[in-house]
Amino acid sequence: MYDKSTFTSEGGSIQDNVTPSSKVYEVYRIHAAATDDGPSSTRPGSAADGPPSILRASEDLRRTASNVLTQVVSRITTRDWPEPPPPPDGGLQAWTQVAAGFLVLFAAWGYANSFGAYQQEYELIGLATPSTISWIGGIQIFLTLVIGVFSGRLVDAGFFIPTFVAGIVLQTLGIFLMSISTKYWQLLLTQGILSGFGSGLYFTPALSVVSTYFDQHRGLAIGLATSGNSIGGIVYPLIVRQLHPVLGFAWTTRVIGFLTLGLLLISLAFMRPRLPPRKSGPMLDSGAFKDPDYAGFLFACFLIYWANYFTFYYIGSYGRETLGLSSSAASLLVVVVNGVGLPFRVIIPIVADRVGNLTVLAPVTLIWAIVTFSWLAVRSTPGYYAFTVLYGTCAASFQCLFPSTVSRMTPRLDIIGTRLGMAFGITAVSSLTGPPIGGAILSGSGSSFRVPQIWAGTVALIAALLIIALRLHMGSLKPNQKATGETGGDEEGSMSQKKSWLRSVTRMC
């Protein structure tokens, strides 16, 4: 009676392949064909027996409903999106993603990095031992990073919006439930587990979306987005510091909850994935760990973040317990260490885009290790503020290049979410274990910070040596440099890479 291809074509529905006017023409053609077939093709009282105006209105309504449904489905997922052109590397849409990513990191890491202020408050009220309290913040950051293993793959599969919305709901629910928590286990569940799980669902997806819009300026774009980390790390601790004495713990936490909710809703309104989905493929790219460059970089990051999170969590406690600072002055150190690196989150990526990520990371990590060891020499308040400024600068310079370095080591754009999620999952373990290990060393050494300071400096130095070896082996890792794994990944190539690694380490030594 009529050709079935009228309704569908290869790779899409009729809405994807014909114009509205041609769809109306097909409807009338089909209707005419059905009428010509005789009485058996229609039922008495059907739309075919009615006036043409009723038929047109019915078809218009059906077409409108179909178009609306198509728009809704395409907004929720990216499953039916066409293959995109190369990254625009600029333009209004691309820089809008950077601004939205800035708000995401402002909310996610501003809140997470403010735990140093909460650590002091919990210690003052005798909630638990310092090492036990640090598990709350450690679990929060651990989940924020490790959930990226799954949320990054969901983004690659085309489910950015549902994943992001679920993260907003869980994060804000955790904060508001935290406001009515009074016991350690309650804070562990709300501030640690629920909030961390929620932020993990939207953090990695946001960064992976920003990465796909840029190539030559990817470092700068991610650096601008991660500057939200620094500004959020200033604002959130200041809210706790200023409002807690006036409003109390409960309402101070609710203010933080409303701020976080507003920032994330704005981000949701503007963030748009650019790539089509990768419908098949494993949750983990296990072959990535067979690449010695990728694995070596993640191991170095694991070590450096061990030292980093211990220092961030205990920087206020050291000032109060060793230097005799007031609680208010000690909490200000948390603001300084988070905020001082803000200009470097922009300057360092600009330099890295020109000379290569590893060319910048090698000296930055070595200086960071030296600064960590200098903590042993701090004996006065001015000296401690100087140490805090230097440490915050080094931390921000490294952190802003971490996502873009992983992206440049990724051979294909459609697995950036997966690779970033895996990288964040590895560093999640160090964020979870670093503060408690440092706290346990502190307790075992009779509350002397000297031993945990040496531990932090040592692991930072090992990380610096690994990054230097990686630079000697891989080169600068400039934007146009071929990504790791793009040449094949066979066993012979992997063995050659390992031998090259050994030669690089030997030459460095």
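Within each chain, residues carry numbers counting from 1 in the order of the written sequence. A pLDDT threshold of at least 70 governs which residues receive local features in this predicted model, and a stricter bar of 80 or more applies before side-chain atom pairs are shown or counted, although totals over entire chains, interfaces and linings include all residues. Each side-chain value is worked out from all heavy atoms of the structure, with water and hydrogens disregarded.

Draft legend 1. Structural context of the overall build of the protein chain. Only runs of H or I of at least four residues qualify as helices and only runs of E of at least two qualify as strands under DSSP, and these elements are numbered from the N terminus. Looking only at helices and strands, one finds 19 helices and 2 strands in the protein chain. The rule is simple: take the accessible area with a 1.4 Å probe, protein chains only, and divide by the maximum for that residue type; under 20% is buried, over 50% is exposed, in between is partly exposed. Each of the 509 residues in the protein chain was classed as buried or not, and the buried ones make up 53%. Look at the contacts in the protein chain between residues 6 or more apart in sequence, and 85% of them connect residues 24 or more apart. Residue-level accessible areas treat just the shown protein chains as cover; the underlying method is Shrake-Rupley with a 1.4 Å probe. When the accessible area of the protein chain is evaluated, it comes to approximately 21,100 Å², of which 67% is carbon and sulfur surface. Two residues qualify as a contact provided that any one of their heavy atoms is within 4.5 Å of a heavy atom in the partner residue.

Draft legend 2. Structural view of the packing of helix α10 (residues 218-270) against helix α13 (residues 344-355). The convention used is that axes are lines fitted to C-alpha atoms, helices contributing only their stretch in contact, and that angles between N-to-C directions extend from 0 to 180 degrees. Contact pair α10 / α13: the axes reach a minimum separation of 8 Å and the direction vectors enclose 165 degrees. The angle between the axes of α10 and α13 places the two elements in the roughly antiparallel class. For the pair α10 and α13, the sense of crossing is right-handed. Each of Arg218, Gly219, Leu220, Gly223, Leu224, Thr226, Ser227, Asn229 and Ser230 in α10 lies in contact with α13, whose residues at this interface are Arg345, Val346, Pro349, Ile350 and Asp353. Throughout, the ten residues Ala, Val, Leu, Ile, Met, Phe, Trp, Tyr, Cys and Pro are labelled nonpolar, Asp, Glu, Lys and Arg are labelled charged, and all others, Gly among them, are labelled polar. Partitioned by chemical class, the residues of the contact of α10 with α13 number 5 nonpolar, 6 polar and 3 charged. Any angle that is under 35 degrees is reported as roughly parallel, and any over 145 degrees as roughly antiparallel; angles of 65 to 115 degrees are reported as roughly perpendicular and all others as oblique. What makes a crossing left-handed is the near helix being turned counterclockwise from the far one by less than a right angle; a clockwise turn instead makes it right-handed.

Draft legend 3. Spatial organisation of a nonpolar patch on the surface. Exposure above 30% relative accessible area and no salt bridge define the residues that can form patches, which grow by joining like charges within 9 Å and nonpolar side chains of Val, Leu, Ile, Met, Phe, Trp and Tyr within 5 Å. Salt bridge, as applied in this entry: a Lys or Arg side-chain nitrogen positioned within 4 Å of an Asp or Glu carboxyl oxygen. On the surface, Val246, Leu247, Trp251 and Phe258 cluster together to form a nonpolar patch covering roughly 460 Å² of accessible area. Checked against the element boundaries, Leu247 lands in helix α10. Classification of Leu247 by relative accessible area gives partly exposed; the value is 41%.

Draft legend 4. Geometry of the environment of Gly341. With respect to the helices and strands, the residue Gly341 is situated in the loop between α12 (327-339) and α13. Residues Gly341 and Leu390 lie 49 residues apart in sequence; the distance between their C-alpha atoms is 8.8 Å. With residues near it in sequence (within four places) discarded, Gly341 still touches Ser230, Gly392, Thr393 and Ala396.

Draft legend 5. Structural detail: the nonpolar core. We call a set of buried Ala, Val, Leu, Ile, Met, Phe, Trp, Tyr and Cys residues a nonpolar core when their side-chain atoms join them within 4.5 Å. By size, the foremost hydrophobic cluster in this structure holds 118 residues, and its most contacted members are Trp109, Tyr122, Phe164, Met271, Phe297, Tyr384 and Phe402. In terms of residues, this core owes the most to one element, helix α11 (residues 292-321), which gives 18 residues.

Draft legend 6. Main features of the packing of aromatic side chains. To pair, rings of Phe, Tyr and Trp, with the six-membered ring standing in for Trp, must have centres within 6.5 Å; the planes then decide the type, stacked if under 30 degrees apart, edge-to-face if over 60, and tilted in the middle. Within this structure, the stated rule accounts for 33 aromatic pairs. Aromatic side chains Trp375 and Phe387 sit 5.4 Å apart centroid to centroid with 20 degrees between the ring planes, which places their arrangement in the stacked category. Of this pair, Trp375 sits in the loop between α14 (357-374) and α15 (381-399) while Phe387 sits in helix α15, and the two are 12 residues apart along the sequence. You can call Phe387 buried: its relative accessible area is 3%. Residue placement shows Arg254 over the ring face of Trp251; its charged tip is 4.7 Å from the ring centre. Charge over a ring is defined by NZ of Lys or CZ of Arg lying within 6 Å of the ring centre and within 35 degrees of the ring normal. Across the ring face of Tyr294, the terminal group of Arg419 is positioned such that the distance to the ring centre comes to 4.7 Å.

Draft legend 7. Spotlight on the pattern of salt bridges. By the definition in use, this model includes 2 salt bridges. Arg320 is paired through a salt bridge with Glu321; the nearest N and O atoms lie 3.7 Å apart. Of the charged contacts in the structure, one is a salt bridge between Arg408 and Asp353, with a shortest N-O distance of 3.1 Å. With a gap of 55 residues between them, Arg408 in helix α16 (residues 402-408) and Asp353 in helix α13 connect regions that are remote in the sequence.

Draft legend 8. Main features of the side chain of Thr190. Relative to the elements of secondary structure, Thr190 occurs in helix α9 (residues 184-212). Accessibility expressed as a relative area gives 8% for Thr190, which makes it buried. Under this definition, polar contacts are N or O atom pairs within 3.5 Å; protein pairs additionally need one hydrogen-donor-capable and one acceptor-capable atom, and for neighbouring residues in sequence, both atoms have to be side-chain atoms. Within the structure, the side chain of Thr190 is placed 2.8 Å from the backbone oxygen of Gln186, a separation counted as a polar contact. Not counting the four nearest positions on each side in its chain, Thr190 is found in contact with Gly174, Leu177, Met178, Ser181 and Ser195.

Draft legend 9. Spatial organisation of the confidence of the model for the protein chain. Residue-level confidence of the predictor, termed pLDDT, takes values from 0 up to 100. Averaged over every residue, the pLDDT of the protein chain is 77; the share at 70 or more is 74%. Contacts from residues 1-49, a stretch scored under 50 in pLDDT, to residues over four places away or in other chains number 35 contacts. In this model residues 482-509 is a low-confidence stretch, pLDDT under 50, and it forms 36 contacts with partners more than four residues away in sequence or in other chains.

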